[in-house]
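Architecture and fold: a report
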Amino acid sequence: AACAANELLPQSPDLPADVFTSCLTTPIKIALRWFCSKSLLKRHGISADLIDRIPGRQNDRKTPLGELNWIFTAITDTIAWNMLPRPLFQRLFRQDLLVASLFRNFLLAERIMRANHCTPISVPRLPPTHQHPMWQAWDMAAEMCLS
């Protein structure tokens, strides 16, 4: 679920209307937009338009967009590896590529939505990962790409 029953979905001019779905379907774009909205880069003219024009394809690591996608995958897999019991990690992140992608993107949704006082719910329930130190590595990669 996008949030707990007693919570309201976040509403911000810096975020899409449906943050949860955006995290699941376009994680790199929403991660970069959210990063910009909370960083000093916002003051330096970094806009959603610039993010939309990052060159490359997500499946081509030789391009900036592909490299960001590769970094995002490595970071979210590392967070999951550190936080989940091994059998659950294997089931969610190694058995099926689509399931793995959705749960990677769910970790991003948890980070962004918890920063907006909202708690996304998954089945199976995952431990909180929104403050894992590896998110700092993602922030650094985002900053390097956008600056």
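As a starting point, this report considers the structure included with it. (Residues numbered from 1 in each chain as written. Predicted model: local features only at pLDDT ≥ 70, side-chain atom pairs only at ≥ 80, totals over all residues. Heavy atoms only, no water.)

Moving on, we come to the environment of Ala141. If you trace the backbone, Ala141 turns up in helix H7 (residues 135–146). According to the relative accessible area criterion, Ala141 is buried, its value standing at 14%. Spatially, the C-alpha atoms of Ala141 and Phe35 are 11 Å apart, while their sequence positions differ by 106 residues. Apart from residues no more than four positions distant in its own chain, Ala141 is found in contact with Leu68 and Ile71. (Helix = DSSP H or I, 4+ residues; strand = E, 2+ residues; numbered from the N terminus. Buried < 20%, exposed > 50% of the residue type's maximum accessible area, 1.4 Å probe, protein only. Contact = heavy atoms within 4.5 Å.)

Our focus in this paragraph is empty space enclosed by the protein. Scanning the model with the defined rule gives one cavity of 30 Å³ or more in all. Taken as a whole, the largest cavity holds about 40 Å³ of empty space. Along the walls of the largest cavity sit Leu9, Pro10, Ala17, Asp18, Val19, Phe20 and Met113, which together make up its complete lining. A breakdown of the residues in the lining of the largest cavity according to their chemical character gives six nonpolar, no polar and one charged. (1 Å grid on protein atoms, 1.4 Å probe; cavity = no way out; pocket = protein on both sides within 12 Å on 5 of 7 lines; lining within 4 Å. Points joined across faces, edges and corners; volume = space filled by probe spheres on them. Nonpolar A, V, L, I, M, F, W, Y, C, P; charged D, E, K, R; others polar.)

For the structure on display, the rule yields six aromatic pairs. Between the aromatic rings of Phe89 and Phe93, the centroid separation amounts to 5.4 Å while the plane-to-plane angle is 5°, which identifies the pairing as stacked. Within this pair, Phe89 and its partner Phe93 are both found in helix H5 (residues 86–93), separated by four residues, close to a single helical turn. Given a relative accessible area of 3%, Phe93 falls into the buried group. Aromatic ring contacts, followed pair by pair, group Phe20, Trp81, Phe89, Phe93, Phe103 and Phe106 into a single cluster. Looking at Arg61, its charged tip hangs above the ring of Trp70, at a distance of 3.4 Å from the centre. Geometry around Trp81 places Arg86 over its ring, the cationic atom sitting 3.7 Å from the centre. (Phe/Tyr/Trp six-rings, centres within 6.5 Å; stacked < 30°, edge-to-face > 60°. Lys NZ or Arg CZ within 6 Å of the ring centre and 35° of its normal.)

Moving on, we get to the pattern of salt bridges. According to the stated counting rule, one finds eight salt bridges in the structure shown. In this structure, the salt-bridge partner of Lys29 is Asp52, at a minimum N-O distance of 3.6 Å. Of the two residues, Lys29 is situated in helix H2 (residues 27–38) and Asp52 in helix H3 (residues 48–52); the sequence distance between them amounts to 23 residues. Across the salt bridge formed by Asp139 and Arg111, the nearest N and O atoms sit 2.7 Å from each other. One end of the pair, Asp139, is in helix H7; the other, Arg111, is in helix H6 (residues 97–115), and 28 residues separate them in sequence. For the pair Asp139 and Arg111, a shared accessibility class is recorded, and that class is buried. Each member of the salt-bridge network shares a partner with another, and the members are Lys29, Arg33 and Asp52. (Salt bridge = Lys/Arg side-chain N within 4 Å of Asp/Glu carboxyl O.)

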